[in-house]
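# Coordinate analysis (summary)
Spelled out from the first residue to the last, the chains are:
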Amino acid sequence: MKFSSLAMALAAASPALVLAATTHEVVVANAAKQQIYTPANLTIATGDSVHFTWAGGPHTVTQMTSGAEPCTPLVGGVNSGKLNVTSTASMVFNTAGVRWFGCTVGTHCANGMQMKIVIEDAATASSAAAPAVTSAATVVVADPAATAAPSATSAASTAATTVSPSTVGTGAVHIVQVAVGGQLTFTPANTTIAVGDTVQWNFVGTKSPHNVKQTASKGDCTPVDGGFKSANTNPGGSFNQTFNTPGKIWYVCTYNGHCALGMQGLVTVLSASDAAAAAAASATSAPASAGYALKPFSFALLSGSAIGTAVAAAGAWMLL
């Protein structure tokens, strides 16, 4: 699957909606000026999107020829161009296979700034989804080796639904970056997933450690008894949690009062039927195109462009 450089530049300049089943986050470099993509290896399903956020720069996300030639740009492949901090770009993958990417700035690729994306057929990936559970109010442990999950209150109750720590399940993995650029944030702060999916928190901050702990409700900074929680984790670490039942799960960082400073997040777990309905609605909201995703768009060219500002005509579509 190939993307034009123009399409990538437009995507980088605009936060337009990505029409895909799941959005996976990748951070380009970091505030410590490390030449890395986080994560460097990603497995997704056809129809999923990958959203790149630049935490350092300038760097590129350039499609490479193969794993045997990880620093040779693919002729006609996607190329973000040189982008700096706060820039973003998105890609949607509709064809199964393996894609390699690297940074073409200086010797960054040769220094190891490379990543691989494995795209699995969505039908194959979904066949391995975790079995359904009977109660929509109970979030259970995804680890098949675990014992019975803790009981939880009804969905209407104000008490928290607890989620015990777990290993990575068999569903999609959704990436949340912890403290990008040293900020007291989770990126994204709100993540929507399907039952059986896993959220992976990657600790990319450059200063103090952080943690991820479940709380009872929005704005609550007290960890819930029996809920999932990570240890205080330094940059470079990660924490995984798999969710097998629908519900809203709030979490925070409790290190050094970070929660009170706004370091809070939410995971919304959709039932299998709701997730399927959402995917179907997304799939029918734009015309089909083999190997590509199309989306309506409006955009402003990157700051400083001699061309200035351009806006797409109503109903126009952009290849991404």
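Before any of the text, the structure's been laid out above.
Residues numbered from 1 in each chain as written. Predicted model: local features only at pLDDT ≥ 70, side-chain atom pairs only at ≥ 80, totals over all residues. Heavy atoms only, no water.

With that settled, the discussion passes to the environment of Leu261. Relative to the helices and strands, Leu261 is located in the loop between β15 (247-252) and β16 (264-270). Take Leu261: its relative accessible area is 61%, and that puts it in the exposed class. In sequence terms Leu261 and Thr185 are 76 residues apart; their C-alpha atoms lie 9.3 Å from each other. (Helix = DSSP H or I, 4+ residues; strand = E, 2+ residues; numbered from the N terminus. Buried < 20%, exposed > 50% of the residue type's maximum accessible area, 1.4 Å probe, protein only.)

On to the side chain of Ser87. Residue placement: Ser87 occurs in the loop between β5 (62-64) and β6 (88-92). Residue Ser87 is classed as buried on the basis of its relative accessible area, which comes to 15%. Reaching out from Ser87, the side chain makes a polar contact with the backbone oxygen of Asn84 at a distance of 3.0 Å. In contact with Ser87, not counting residues within four places along its chain, are Phe52, Thr53 and Trp54. (Polar contact = N/O pair within 3.5 Å; in protein donor to acceptor, adjacent residues only side chain to side chain. Contact = heavy atoms within 4.5 Å.)

Right, let's talk about unusual backbone geometry for a bit. At the junction of Thr38 and Pro39, the peptide bond is cis and its omega measures out at 0° in the coordinates. With respect to the helices, strands and loops of the structure, Pro39 is situated in the loop between β2 (37-38) and β3 (41-45). A positive phi angle is found at Lys33, which is not glycine, with a value near 65°. Inspection of the secondary structure puts Lys33 in the loop between β1 (23-28) and β2. The backbone of Asn256 sits at a positive phi, close to 50°, despite the residue not being glycine. Structurally, Asn256 is set in the loop between β15 and β16. When its relative accessible area of 64% is taken as the criterion, Asn256 is described as exposed.

Within the secondary structure, Asp48 sits in the loop between β3 and β4 (49-54). The buried charged residue Asp48 lacks any salt bridge, with Arg99 as its nearest oppositely charged partner at 13 Å. Reaching out from Asp48, the side chain makes a polar contact with the side chain of His24 at a distance of 2.9 Å. (Lys, Arg positive; Asp, Glu negative; His and termini not counted. Salt bridge = Lys/Arg side-chain N within 4 Å of Asp/Glu carboxyl O.)

We now examine the sheet that holds strand β12 (residues 198-203). One open sheet accounts for four strands, arranged β10-β9-β12-β14; its pairing is mixed. The open sheet terminates on both sides in strands that have one partner only, identified here as β10 (186-187) and β14 (238-242). Two elements, strand β9 (residues 173-178) and β10, share two bridges in a ladder whose sense is antiparallel. Within the sheet, the bridge partner assigned to Val178 lies in β10 and is Phe186. (Pairing = 2+ DSSP bridges.)

Spatially, the four strands line up as an open sheet ordered β3-β8-β7-β5, and their pairing is mixed. The sheet is open, and its two borders are formed by β3 and β5, each paired with just one other strand. For this sheet the average axis-to-axis angle between neighbouring strands, irrespective of direction, equals 30°. For strand β7 (residues 97-102) and strand β8 (residues 114-120), the ladder comprises six bridges, and the chain directions are antiparallel. Looking at β8, one finds that Phe101 is bridged to Met115. (Axes fitted to C-alpha atoms, helices over the stretch in contact; angles between N-to-C directions.)

According to the stated counting rule, one finds two disulfides in the structure shown. Bridging Cys71 to Cys109, the disulfide has an S-S length of 2.1 Å. Around the S-S axis, the bridge from Cys71 to Cys109 shows a dihedral of about -95° and counts as left-handed. Residue Cys71 is found in the loop between β5 and β6, and its partner Cys109 is found in the loop between β7 and β8; the two are separated by 38 residues along the sequence. Looking at Cys71, the relative accessible area reads 32%, which means it is partly exposed. (Disulfide = S-S within 2.5 Å.)

Here the focus is the packing of aromatic side chains. For the structure on display, the rule yields seven aromatic pairs. Aromatic pair Trp201 and Tyr251: ring centres 5.1 Å apart, planes at 80°, arrangement edge-to-face. Placement of Trp201 in strand β12 and of Tyr251 in strand β15 is noted, with a sequence separation of 50 residues between them. Members of the aromatic cluster, joined through ring pairs, are Phe186, Trp201, Phe228, Phe239, Phe243 and Tyr251. (Phe/Tyr/Trp six-rings, centres within 6.5 Å; stacked < 30°, edge-to-face > 60°.)

To continue, consider the environment of Gly57. Along the chain, Gly57 turns up in the loop between β4 and β5. With 26 residues separating them in the primary sequence, Gly57 and Ala31 have C-alpha atoms 9.1 Å apart. When near neighbours in sequence (up to four residues on either side) are disregarded, Gly57 contacts Leu83, Asn84 and Val85.

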